[in-house]
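Topology and contacts: notes
Listed here are the chains, written in short residue letters.
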Amino acid sequence: MRVLVIEDEQRLARIIRRVLEEEQYVVDLAFDGPTGEDLARTGDYDVIILDVMLPGRDGVAVCRRLRQDGVACLVLMLTARDALEDRVRGLDAGADDYLVKPFAFAELLARVRALGRRRTGELAPTTLQADGLVMDLLRHDVTRNGQRIDLTAKEFALLEYLLRHQGQVLTRTQILNGVWRYDADAASNVVDTYVHYLREKIDRNFGPKLLHTVRGVGYVLRG
Ligand code: CA
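Residues numbered from 1 in each chain as written. Predicted model: local features only at pLDDT ≥ 70, side-chain atom pairs only at ≥ 80, totals over all residues. Heavy atoms only, no water.

**Looking at the nonpolar core**
Our working rule: The criterion is simple. A nonpolar core is a set of buried Ala, Val, Leu, Ile, Met, Phe, Trp, Tyr and Cys residues joined through side-chain atoms within 4.5 Å. Accessible area is worked out with a 1.4 Å probe on protein chains only. A residue is then buried under 20% of its type maximum, exposed over 50%, and partly exposed in between. Put simply, DSSP marks the helices as runs of H or I at least four residues long and the strands as runs of E at least two long, and each gets a number from the N terminus on. Residues count as neighbours in contact if any of their non-hydrogen atoms are within 4.5 Å of one another.
Counting residues in hydrophobic clusters, the biggest one holds 28 residues, and the most contacted among them are Leu159 and Ile175. Contributing elements (two or more residues each) for this core: strand E6 (127-130), strand E7 (133-136), helix H6 (153-164), helix H7 (172-179), helix H8 (189-202) and strand E12 (218-221). The leading source of residues in this core is H6, at six residues. Not counting residues up to four positions away in its chain, the partners in contact with Ile175 are Leu158, Tyr161, Leu162, Leu170, Trp180, Val191 and Tyr219. Val5, Ile15, Ile16 and Leu78 belong to the second largest nonpolar core, which has 23 residues in total.

**Quick word on the pattern of salt bridges**
Spelled out, the test is: By definition, a salt bridge exists where a carboxyl oxygen of Asp or Glu is found within 4 Å of a side-chain nitrogen of Lys or Arg.
Considering all chains together, one arrives at 23 salt bridges under this definition. Note that Arg65 is salt-bridged to Glu37, the shortest N-O span being 2.9 Å. Taken as a pair, Arg65 in helix H3 (residues 59-68) and Glu37 in helix H2 (residues 33-42) lie far apart in primary sequence, 28 residues in all. In this structure Glu37 comes out as buried when scored by relative accessible area, which is 2%.

**Let's talk about the coordination of the calcium ion**
Six octahedrally arranged donors around a metal ideally form angles of 90 or 180 degrees; four tetrahedrally arranged donors ideally form angles of 109.5 degrees. Selection criterion: The rule for donors is simple: N, O or S, within 2.8 Å of the metal, or within 3.2 Å if the metal is Na, K or Ca. Water isn't counted, so a site may look like it is missing partners.
Bound to the calcium ion on the protein side are Asp8 (OD), Asp51 (OD) and Met53 (O), at distances that span 2.1 to 2.3 Å. On the basis of relative accessibility, which here comes to 29%, the residue Asp8 falls in the partly exposed class.

**Brief notes about helix H4 (residues 84-92)**
To be explicit about the condition: To obtain the arc, one takes the directions from the helix axis to the C-beta atoms.
Along H4, the positions that sit buried rather than exposed are Asp86, Arg87 and Gly90. Down the axis of H4, the smallest arc covering the buried residues is 100°, so these residues share one side. Facing away from the buried side of H4 by over 90 degrees, the exposed positions are Leu84, Glu85 and Asp92. Two residues or fewer after H4 comes Gly94, characterised by a positive phi angle close to 110°.

**Quick word on the sheet that holds strand E3 (residues 47-51)**
Here is the rule we go by: Pairing between strands is defined by DSSP: at least two bridges between them are needed. Axis angles are defined between N-to-C directions and span 0 to 180 degrees, where every axis is a line fitted to C-alpha atoms and, for a helix, only to the segment in contact.
Read across the open sheet, the five strands follow the order E2-E1-E3-E4-E5; overall the sheet is parallel. The open sheet has two edge strands, strand E2 (26-30) and strand E5 (97-100), and neither has a second partner. The mean inter-strand angle of the sheet, taken between neighbouring strand axes irrespective of direction, is 20°. For strand E4 (residues 74-79) and E5, the ladder comprises four bridges, and the chain directions are parallel. Of the residues in E5, the one forming a bridge with Met77 is Tyr98. Contacting strand E1 (2-6), E2 and E3, H2 crosses the sheet at an angle of about 165° to E1.

**Quick look at unusual backbone geometry**
Looking along the chain, the bond that leaves Lys101 and enters Pro102 is cis, with omega of -5°. The residue Pro102 is located in the loop between E5 and helix H5 (105-120) in this model. With a phi angle near 75°, Gln24 is a residue other than glycine that sits in the positive phi range. Residue position: Gln24 is located in the loop between helix H1 (10-22) and E2. Given a relative accessible area of 65%, Gln24 falls into the exposed group. With a phi close to 45°, Asp131 is a non-glycine residue in the positive phi region. Locating Asp131 in the fold gives a position in the loop between E6 and E7.

**Considering the pairing of E12**
When strand E10 (residues 170-171) meets E12, the two strands line up antiparallel, connected through two bridges. Counterpart to Thr171 in the pairing with E12 is Gly218. Relative to E12, strand E11 (residues 211-214) is paired through four bridges, and the arrangement is antiparallel. Counterpart to Thr213 in the pairing with E12 is Tyr219. Connecting E11 to the antiparallel partner E12 that follows it, the hairpin turn spans three residues, and Gly216 within it adopts a positive phi of roughly 80°.

Dropping the structure here:
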């Protein structure tokens, strides 16, 4: 999957690229409207992540022009918090989905994945599993060995992230970037704290253990 990120906050654009590349996407960046639009026309992208507020030409105008010229790609618009009007304008201009800043990278990945599936006509998986642990993404519930486990929204998001990266050792920074909002002033020990909460719920009364600490590195969920 080829993704183009048009975002003038260069630091954010580079983090998005890194997060997507970790998921095996091929990513190009543009930092202003006209450059992004030129790339979009020539680059054969599956998904374009398009910020609304851009120098040169704003995201809504870029999207409208691409649509007018029949450029076939899916557009995920990034809009400012509370800018309802941007969202409406974006969708009117032909965007396929939007995400409000600041967002969690797990959310961004979920949206890009969903757009990618739309592109390929593949059906979305509705459950994630590991050794008796089942997360139902539609009903938003979790069971282990058939027993229901109550999780807070943040615990659910963390578990979803770990399940999607099953078997992969993740650093605290990766988890922080993936699950918490990128501008959150979260200390890295927030990850340790939530892993602890999660262990209490998914592992403590069950076996075998799923969540493992990799000393000096981070964590891994293994089913
Ligand atoms: Ca911007």
